[in-house]
Amino acid sequence: MRLVVVSAGLSSPSSTRLLADRLAAATAGHVETETEVVELRDLATEIAQHFVTGFPPARLAAALDAVAAADGLIAVTPVFAASYSGLFKSFFDVIDKDALTGKPVLVAATGGTARHSLVTEHALRPLFTYLRALVLPTAVFAASEDWGEEGLERRIARAGAELARFMAPSGTAATPDVDTAAAIAPRSLTGAITSVDPADGFEIVPFARRLAALRPE
């Protein structure tokens, strides 16, 4: 399984990268993975060039290809002005619009205070839902005071286990159940709520189609 970790931390060392590494380790504890880390601070110039020219330089192109080919993605950003960082958003602005369709994504963020903890729900989850990814139920936020606390470690462990379940090869014991898959299915291209039909191998199906099938003749 190919696991790609996107870290938008700007400093070195970075609490954002630390959280990303812990989430990757928690995932690898449940499924065998080949992990690649994409440090966005090293690609800032290339991302800006892509916006101007419309073509990604070689290093950025390799990072975009890695994300598109991943079986699972961990995306971690620091909180700036109550949302994801501009660098983080810029990277996902230049990614192919279909690259994340159906891909399990674990979202996480770091911030100086717990007041920013809802950033995972009001900023990160909508972003990846728009990109039609399967955003995992457990998102992880780490404030400065959370490091070393049991609560953070439990959230990391739970999130890693969830991602591993959705990365596992089809037919294994770790294959996600219907209810869990339905709960995190993304919105369709038309914005309709979607669900999952187990008869079609977890195909994402527009809710309207499911509803029509339930109506009496």
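Placed above this text is the structure.
Residues numbered from 1 in each chain as written. Predicted model: local features only at pLDDT ≥ 70, side-chain atom pairs only at ≥ 80, totals over all residues. Heavy atoms only, no water.

**What about the packing of helix H1 (residues 15-28) against helix H6 (residues 150-167)?**
Which entries qualify depends on this criterion: The axes used here are C-alpha line fits, helices contributing only the stretch in contact, and every angle between their N-to-C directions lies in the interval 0 to 180 degrees. Strands are runs of DSSP state E lasting at least 2 residues, helices are runs of H or I lasting at least 4, and numbering of each runs from the N terminus. Here roughly perpendicular refers to angles of 65 to 115 degrees, roughly parallel to angles under 35, roughly antiparallel to angles over 145, and oblique to all remaining angles. By convention the crossing between two helices is left-handed if the near helix lies anticlockwise of the far one by an angle smaller than a right angle, and right-handed if it lies clockwise. Contact definition: two residues touch when any of their heavy atoms are within 4.5 Å.
It is at 7 Å that the axes of H1 and H6 come closest, and there the two elements cross at 55°. It follows that H1 is oblique to H6 by the angle criterion. For the pair H1 and H6, the sense of crossing is right-handed. In this structure, H1 contributes Leu-19, Arg-22, Leu-23, Ala-26 and Thr-27 to the contact, and H6 contributes Glu-153, Ile-156, Ala-157, Ala-159, Gly-160, Leu-163, Ala-164 and Met-167.

**Thoughts on the packing of aromatic side chains**
What counts, and what does not: For this analysis, a ring pair means two rings from Phe, Tyr or Trp (six-membered ring only for Trp) whose centres lie within 6.5 Å, classed as stacked if their planes differ by under 30 degrees, edge-to-face if by over 60, and tilted for the remaining angles. Categorising residues by exposure relies on relative accessible area from a 1.4 Å probe, with only protein chains included: less than 20% of the type maximum marks a residue as buried, more than 50% marks it as exposed, and the intermediate range marks it as partly exposed.
This structure, assessed with the given rule, holds five aromatic pairs. Aromatic side chains Phe-91 and Phe-92 sit 5.1 Å apart centroid to centroid with 85° between the ring planes, which places their arrangement in the edge-to-face category. Classification of Phe-91 by relative accessible area gives buried; the value is 0%. Here Phe-92 falls in the buried class, since its relative accessible area comes to 3%. Summarising the aromatic geometry, the rings of Phe-92 and Phe-128 are spaced 4.9 Å apart at their centres and angled 80° between planes, so their arrangement reads as edge-to-face. A residue pair is termed long-range when its members are at least 10 positions apart, and Phe-92 in helix H4 (residues 86-94) and Phe-128 in helix H5 (residues 119-130) qualify at 36 residues. An aromatic cluster is built from Tyr-84, Phe-88, Phe-91, Phe-92 and Phe-128, whose rings are joined through pairwise contacts.

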